[in-house]
Amino acid sequence: MTTTWTAAFRSAPVSPYESMTLIHPSRAFRDQTLRQVVRVRGAGDRLRIRLSNQYGKQPLTIARTSVATHDTQSSITAGTDTAVTFGGTAHVTIDAGAEAVSDPVGFVTAGESDLAVSTYHASDAGPATYHPFALQTGYVVAGDAVSRTRLTAAEEVESRFHLGGIDIEAPEGRQVVAAFGDSLTDGVGTAHGTHHRFPDLLAGELADTSVLNLGIAGNRLLSDVFGERGIARFERDVLAAPGVTHVVVELGLNDIGIPGMLGLPAVPADELIDGLGSITRQAARAGLTTVVATLTPFGGANGVSPGFDSPEGERTRQHVNKWIRAHFDVVADLDHALRDPAAPAVLRSDYDSGDHIHPNDAGAEAMADVVARAILSDRPVRGLL
């Protein structure tokens, strides 16, 4: 099976700063059904579901799981509800720190499909392993409503809980690109519910290719706070994903900006370079084609994120970008694609979501175009000014 959709997880807040700034906190579920909508790409007639208790503190029991074609809002298309089993049974108990992979189930997907995965949580297992910025509304109702076509009076949630991935039985030779990054990969700044993150758009530009979004908002290359640091999670999130052939590495910006927000010492450029080198060496040993992205502009970000932008940080960004351009064969020059030609430390105004860090929908399209051309050309590419 080939992974066609996945999520990178994090735990409940682990620091006072994280708790203070968290927009979408984790939560627990008890005698509730959770319905989550995902978009998968790829044709197949069988799939399997992966559920995660990676950061759980106690065993997680899911009493019932199903997959269906999504209709609108909390509704599924009548007649498509399909039971998902684990080792031949409806219920599954997942130990703390573990993942469960379902039995393959017959379910036809073609091209681009919006699926709804419904899980019934009979008992409280504590704060869920989750992904804060789903940019796709999920739905929660009381009781076992897994097979109900429409969830009436549902509570809406904006995070992804426990749903780790969907694998499709795809033909041999299909490319799988892992987009490994921070909030720019996660899609922060793009329109909610529109699948306009750059990995979504990248999948539309590459034929016979699945693109996995392994971005975590706030994630850093070298330090934990918003999710495990990149050098720690790379093996689990990328190398262990079934069928991965390429990886796009977009990390390091938060290592530069977040210390200023927290009043911590700046991270030297050489440490970022060492971290990127470590990840790309792991990818090379695994036989993956690696695309390394340059770090994007953040000039003016202090108005929204005080302390993120500093002259020292800009010098570090330029130093790391110079090394990336000189060191790697396949580079996606996001800096060149997104910067204002008249003020290279600043995002282009028509690509700026408003916080001077995160690209909007148009910026995400520019990112996808640059990364697609890097993958297709196997040589360094620059964005169009």
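Since the structure is predicted, the reported quantities are computational estimates derived from the model, not experimental observations.

Turning our eyes to something else, we now look at the overall build of the protein chain. Broken down by element type, the protein chain carries 9 helices and 23 strands. The C-alpha radius of gyration of the protein chain comes to 20 Å, within 12% of the 21 Å expected for a compact globule of 385 residues. The C-alpha extent of the protein chain, read off along each of the three principal axes, is 55 × 45 × 35 Å. Buried positions account for 57% of the 385 residues belonging to the protein chain. Once local pairs closer than 6 in sequence are excluded, the contacts in the protein chain between residues at least 24 apart make up 80%. Surface accessibility of the protein chain: about 14800 Å² in total, with carbon and sulfur atoms responsible for 50%. Computed over 31 positive and 46 negative side-chain charges, the inter-centroid distance for the protein chain is 1 Å.

Between helix α6 (residues 269–285) and helix α7 (residues 311–327), whose axes approach to 9 Å, the crossing angle comes to 35°. The interaxial crossing formed by α6 with α7 has right-handed handedness. Between α6, through Ala269, Asp270, Leu272, Ile273, Leu276 and Gly277, and α7, the contact on the second element is made entirely by Thr316, His319, Val320, Trp323 and Ile324. Along the lines of polarity and charge, the residues of the contact of α6 with α7 split into 7 nonpolar, 3 polar and 1 charged.

Here the focus is helix α4 (residues 230–239). Residues spaced three or four apart along an α-helix face the same direction, because each turn holds 3.6 residues. Of the residues making up α4, those classed as buried are Gly230, Arg233, Phe234, Asp237 and Val238. Around the axis of α4, the buried residues are gathered within 130° of arc, so they sit on the same side. Where α4 is buried, its residues contact β16 (175–181), β17 (209–215), β18 (246–250) and α6.

Within the protein chain, residue pLDDT values average 92, and 94% of them lie at 70 or more. Within the model, pLDDT remains below 50 along residues 13–22, and this stretch shows 14 contacts once partners closer than five positions in the same chain are excluded. In this model, residues 379–385 is a region of pLDDT below 50 whose contacts with residues beyond four sequence positions or in other chains number 30 contacts.

To continue, consider unusual backbone geometry. A positive phi angle is found at His162, which is not glycine, with a value near 65°. By secondary structure assignment, the location of His162 is in the loop between β14 (160–161) and β15 (163–168). Judged by relative accessible area, which is 6%, His162 ranks as buried. Positive phi, normally seen in glycine, also occurs at Asp208, with a value near 50°. A relative accessible area of 58% means that Asp208 is categorised as exposed.

Analysis parameters
- Residues numbered from 1 in each chain as written.
- Predicted model: local features only at pLDDT ≥ 70, side-chain atom pairs only at ≥ 80, totals over all residues.
- Heavy atoms only, no water.
- Helix = DSSP H or I, 4+ residues; strand = E, 2+ residues; numbered from the N terminus.
- Rg over C-alpha atoms; globule rule 2.2 N^0.38 Å.
- Buried < 20%, exposed > 50% of the residue type's maximum accessible area, 1.4 Å probe, protein only.
- Contact = heavy atoms within 4.5 Å.
- Areas by Shrake-Rupley, 256 points an atom, 1.4 Å probe, with all protein chains shown as cover.
- Lys, Arg positive; Asp, Glu negative; His and termini not counted.
- Charge placed at Lys NZ, Arg CZ, Asp CG, Glu CD.
- Axes fitted to C-alpha atoms, helices over the stretch in contact; angles between N-to-C directions.
- Left-handed = near helix turned anticlockwise from the far one by under 90°.
- Nonpolar A, V, L, I, M, F, W, Y, C, P; charged D, E, K, R; others polar.
- Arc of directions from axis to C-beta.
- pLDDT = per-residue confidence, 0-100.

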